[in-house]
Amino acid sequence: MSRPAAPNGHNPGPDMPIALDDARRILDSQPFSRLLGAELTAFAADAVELRIPLRPELLQQFGFAHGGLIAYAADNALTFAGGAALGPSVLTAEFKINFLRPVKGEVLVARAAVVHAGRRQAVCRCELFVQDDAGEHACAVALGTIVAFGPATEA
């Protein structure tokens with residue numbers, strides 16, 4: 001989730017939060033995210049929301065969203081949540097996902113928040129939902145550790 005340095009040459013950290021528009025630019029700089037049609041609809045210290053329209057190209061052979069797509073949504077939402085706490089130069093150190101039900105619908109929604117943040121890492125939780133004509137249904141839950149990287153953490 002790294003973004004270019006500020007005009008003074010420094011990367012903003014948690015003391016200089018990034019705005020939704022900045023987070024959207026970061027997401028748009030990821031070619032894979034553009035390919036999937038991912039969109040950030042919320043980005044704040046207390047909540048991140050990532051949405052992906054479910055197109056036929058993103059489904060597996062039984063017509064459900066591919067597990068890799070669901071894992072991507074969880075990973076990116078977790079990382080953006082960690083970035084809201086630690087600053088934009090973060091990476092996923094690990095994550096675990098539990099699939100609750102097959103995903104069939106119109107939109108995959110990943111909502112993530114920080115459970116606990118320290119100086120260099122944040123543990124984040126993500127809940128994933130599928131939206132269809134009948135409403136919104138839980139489909140997966142993920143937990144991940146997001147770590148800061150860069151000059152401030154390499155000392």
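Scroll up for the structure.
Here is what the cut-offs are and how they apply
Residues numbered from 1 in each chain as written. Predicted model: local features only at pLDDT ≥ 70, side-chain atom pairs only at ≥ 80, totals over all residues. Heavy atoms only, no water. Helix = DSSP H or I, 4+ residues; strand = E, 2+ residues; numbered from the N terminus. Buried < 20%, exposed > 50% of the residue type's maximum accessible area, 1.4 Å probe, protein only. Areas by Shrake-Rupley, 256 points an atom, 1.4 Å probe, with all protein chains shown as cover. Core = buried A, V, L, I, M, F, W, Y, C linked by side-chain atoms within 4.5 Å. Contact = heavy atoms within 4.5 Å. Pairing = 2+ DSSP bridges.

Thoughts on the overall build of the chain
Right, so step 1: When you go through the chain residue by residue, the secondary structure sums to three helices and six strands.
Right, so step 2: Overall, the chain shows an N-to-C arrangement of helices and strands of α-α-β-β-α-β-β-β-β.
Right, so step 3: Split into buried and exposed, the 155 residues of the chain put 42% on the buried side.
Right, so step 4: Just so you have it, the chain exposes about 8,100 Å², and 57% of that area is on carbon and sulfur atoms.

Remarks on the nonpolar core
Right, so step 1: Formed by 40 residues in total, the largest nonpolar core has its most connected members in Leu50, Leu108, Cys126 and Leu128.
Right, so step 2: A total of eleven residues in this core trace back to one element, the largest contributor, which is helix H3 (residues 67–86).
Right, so step 3: Discounting residues that sit within four places of it in the chain, Leu108 has contacts with Leu50, Arg51, Ile52, Leu54, Leu69, Ile70, Ala73, Val103, Leu128, Phe129 and Cys139.

Describing the pairing of strand E5 (residues 121–132)
Right, so step 1: Where strand E4 (residues 107–117) and E5 come together, ten bridges link them in antiparallel fashion. Pairing of Val109 across the sheet is with Phe129, part of E5.
Right, so step 2: Sheet topology places E5 next to strand E6 (residues 135–148); twelve bridges connect them, and they run antiparallel. Bridging from a neighbouring strand, Leu128 pairs with Ala140 of E6.
Right, so step 3: Remark: two residues form the turn of the hairpin made by E5 and E6, two consecutive strands paired antiparallel.

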